[in-house]
Amino acid sequence: MEVIETRIDKESREYKENYEHMKTLVEDLNRELEIARKDRAPRAMARLREQNKLTVWERLDHLLDKNTPFLEIAPLAAKGMYDGKVHSAGMVCGIGRVKGKEVVIHANDPTIKGGTIYPMGVKKTLRTQTIAMENRLPIIYLVDSGGAFLPLQSEIFPDVDDGGRIFYNQAVISKMGIPQICAVMGLCTAGAAYIPAMSDEVVHVKGTGAIFLGGPPLVLAATGEEVTAEELGGVDVHCRHSGVSDYYAQDDVHCIEIIRDIVKNLPPIEKYDPGIRESAPPLYDPEEIYGIVPKSIQTPYDVREVIARLVDRSEFHEFKPLYGPTLVCGWAYIHGYPVGILGNNGVLFSESSLKATQFIQICDRRGIPLVFLQNISGYMVGKEYEKGGITKDGHKMVNAVATAIVPKFTVIIGASFGAGNYGMCGRAYSPRFLWMWPNAKIGVMGGEQAADVMVTIKNNQLKREGKPPLDPETIKRIKEPIIEAAEREGNAYYSTANLWDDGILDPAKTRDALGLAISASMNAPIRRDRLGYGIFRM
Ligand code: COA
């Protein structure tokens, strides 16, 4: 395989300015992650210690194998929502290693409003379960939750993708043969009671763990009966009488030891091997990506410079390098896993779409995972391109992306606009994981273009009515809120708060995140019987 030769001048002013800009964005990101991890009300922390419970992160430290990575899912979910304090949507979720096996972990954080479930918490739980289903990973639930966050109950309860779906998924996951193990480390109230109930094995902590459909406050309100949580659904009730729980744990640490033993005894998983070889670092430092990515997403740059800092030995076998040059396609290895990479190098034309379609088909047939590096303002527009069939060629690419059977991974490294988001495997195209870089922007189109479109529509309307066009003051009044909304709702933090992605990544850590995610995806077999596509419009 050929090595990508860098053309970057690290001494140039442009490189240094880009570097400083991205470094600041990464520092901001790390600060936000730190807040999400640590900012807790002193009263909630005191209550936790009083109950002799571990924090959610201490629980994870005990659960995960020592010195192994944890790929956290959506750590900034719900950022800026509600009272601004429902960090990570009130739960820590991710993929980690327990007794050498890759598992998905879903852990409520009892120090955020009693671990109650907010609308974004439901969404994050469903996303975590989807990851477990798609990648066939066992799930460990560490439950410690007051159930639905009652003031927002209408947003959590009735619809198809609301709370009920969590337990529906548990039934489906069970039928798929994916193990689900539950630790009852606090309250499992109302809906949350179904998490242990629908799991294969339940470990229950003495004194703090309790399971009931109606908690003591509800029982008091409904019947006037005063009862403690322990009497209503404590460890003795469920391990000795009801049979809802299977194992009696003395405390949090003991509970986690039992969970680890259960995982140890799960049958081994035969992982799919796409032709793994020994991992080797890139020739160039991944942190150099900071200096490569321009400050403005409008400024073009060569995506090969990014690829050179993501892949093993910076080796890249480029496909059709002279055809459809606005999309770079080719094969490489990431942490030893073979991948087919598609990276934008400009607007998508008919040629680049056709190239993508052929490339995806080849990777799909060979069982090679696909990595999309998305930096796309859209498909080319205009008379000439419509005549040339850009819509039908874009369709072929979208069709192939949607129905490819190999695992897909998307990193939005810059712009993500319009149908370009679809063709480059946006969230709706079911990549196994999708991340944003902190500089990324997402939307139907950029704010400036959207505002111009609205002004043109208005002027056309006025012309039809025989009236003069808009004056500059009115144009400004129309444009400003549209640009402002696109700015506010199109940035990486808004995206990640809404769970449109699985998290914002430091560009320098992207290679490692991809490696972990690809490794996790190998737990699921590739369904050769599902290989094939719908009709490609010719
Ligand atoms: N909805 C909204 N807020 C809730 C809540 C719920 N279901 N359950 C707890 N909270 C809030 C409390 O108001 C409190 O908020 P504050 O810190 O702003 O005062 C915070 O969560 C912590 O609750 P607190 O009772 O002080 O802490 P705790 O650790 O002693 O107990 C629970 C936590 C969850 C065990 C307990 O609050 C409880 O039993 N809640 C009700 C559970 C229930 O019946 N849920 C039914 C939902 S379907």
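For the structure itself, look to the data block above.
Residues numbered from 1 in each chain as written. Predicted model: local features only at pLDDT ≥ 70, side-chain atom pairs only at ≥ 80, totals over all residues. Heavy atoms only, no water.

1. Focus on the site of the ligand
Around the ligand, 13 residues are found, and the nearest of them are Arg43, Arg47, Lys113, Gly146 and Ala148. Between the ligand and Lys113, the relevant distance is 2.5 Å, taken from an oxygen atom to a side-chain nitrogen or oxygen of the residue. One of the backbone nitrogen or oxygen atoms of Leu150 is found 3.0 Å away from a nitrogen atom of the ligand. Counting residues per element, the ones that place at least two in the shell around the ligand are helix 2 (42–50) and strand 5 (180–189). (Near = heavy atom within 4 Å. Polar contact = N/O pair within 3.5 Å; in protein donor to acceptor, adjacent residues only side chain to side chain. Helix = DSSP H or I, 4+ residues; strand = E, 2+ residues; numbered from the N terminus.)

2. Quick look at empty space enclosed by the protein
By the definition in use, this model includes two cavities of 30 Å³ or more. Contributing to the lining of the largest cavity are Pro69, Leu71, Ile95, Gly96, Arg97, Glu102, Leu516 and Ala520. Contributions of two or more residues to the lining of the largest cavity are made by strand 2 (91–98) and helix 20 (510–521). At three residues, the largest contribution of residues to the lining of the largest cavity is made by strand 2. Tallied by class, residues from the lining of the largest cavity come to five nonpolar, one polar and two charged. Put simply, the second largest cavity is a space of about 40 Å³. Considering each element in turn, the lining of the second largest cavity owes the most residues, three residues, to strand 13 (residues 408–417). (1 Å grid on protein atoms, 1.4 Å probe; cavity = no way out; pocket = protein on both sides within 12 Å on 5 of 7 lines; lining within 4 Å. Points joined across faces, edges and corners; volume = space filled by probe spheres on them. Nonpolar A, V, L, I, M, F, W, Y, C, P; charged D, E, K, R; others polar.)

3. Some points on helix 13 (residues 350–366)
For helix 13, with 17 residues, the first-to-last C-alpha span of 25 Å sits near the 24 Å given by 1.5 Å per residue. If you check which residues of helix 13 are buried, you get Ser350, Ser352, Ser353, Lys355, Ala356, Thr357, Phe359, Ile360, Ile362, Cys363 and Asp364. Buried residues along helix 13 sit in contact with strand 9 (317–319), strand 10 (327–334), strand 11 (337–344), strand 12 (370–376) and helix 15 (390–403). (Expected span 1.5 Å × (residues − 1). Buried < 20%, exposed > 50% of the residue type's maximum accessible area, 1.4 Å probe, protein only. Contact = heavy atoms within 4.5 Å.)

4. Regarding unusual backbone geometry
In this structure, Ser314 takes a positive phi of about 55 degrees despite not being glycine. Structurally, Ser314 is set in the loop between helix 12 (304–307) and strand 9. One non-glycine residue, Cys425, lies in the positive phi region at around 65 degrees. Looking at the element boundaries, Cys425 is found in the loop between helix 16 (418–423) and strand 14 (433–436). Its relative accessible area of 0% is what places Cys425 among the buried residues.

5. A closer look at the layout of surface pockets
Its boundaries defined by the atoms lining it, the largest pocket holds a volume of some 1200 Å³. Along its surface, the largest pocket is lined by 50 residues, and Ile297, Ser377, Ala415, Phe417 and Gly446 are the ones closest to its centre. Ranked by residues supplied to the lining of the largest pocket, first place goes to helix 18 (residues 472–489) with five residues. Taken together, the residues of the lining of the largest pocket break down into 25 nonpolar, 18 polar and seven charged. In this structure, the second largest pocket occupies an estimated 890 Å³ of space. Residue lining of the second largest pocket: 31 residues in total, with Leu33, Arg37, Phe70, Leu71 and Glu72 positioned closest to the centre. Contributions of two or more residues to the lining of the second largest pocket are made by helix 1 (13–38), helix 3 (56–63), strand 1 (71–73) and helix 20. Broken down by class, the residue content of the lining of the second largest pocket amounts to 16 nonpolar, five polar and 10 charged.

6. Brief notes about the environment of Ala107
Secondary-structure assignment places Ala107 in strand 3 (residues 101–108). Through-space distance from the C-alpha of Ala107 to that of Ile117 is 12 Å; in sequence the pair is 10 residues apart. Residues in contact with Ala107, not counting those within four places in the same chain, are Val56, Met91, Val92 and Leu142.

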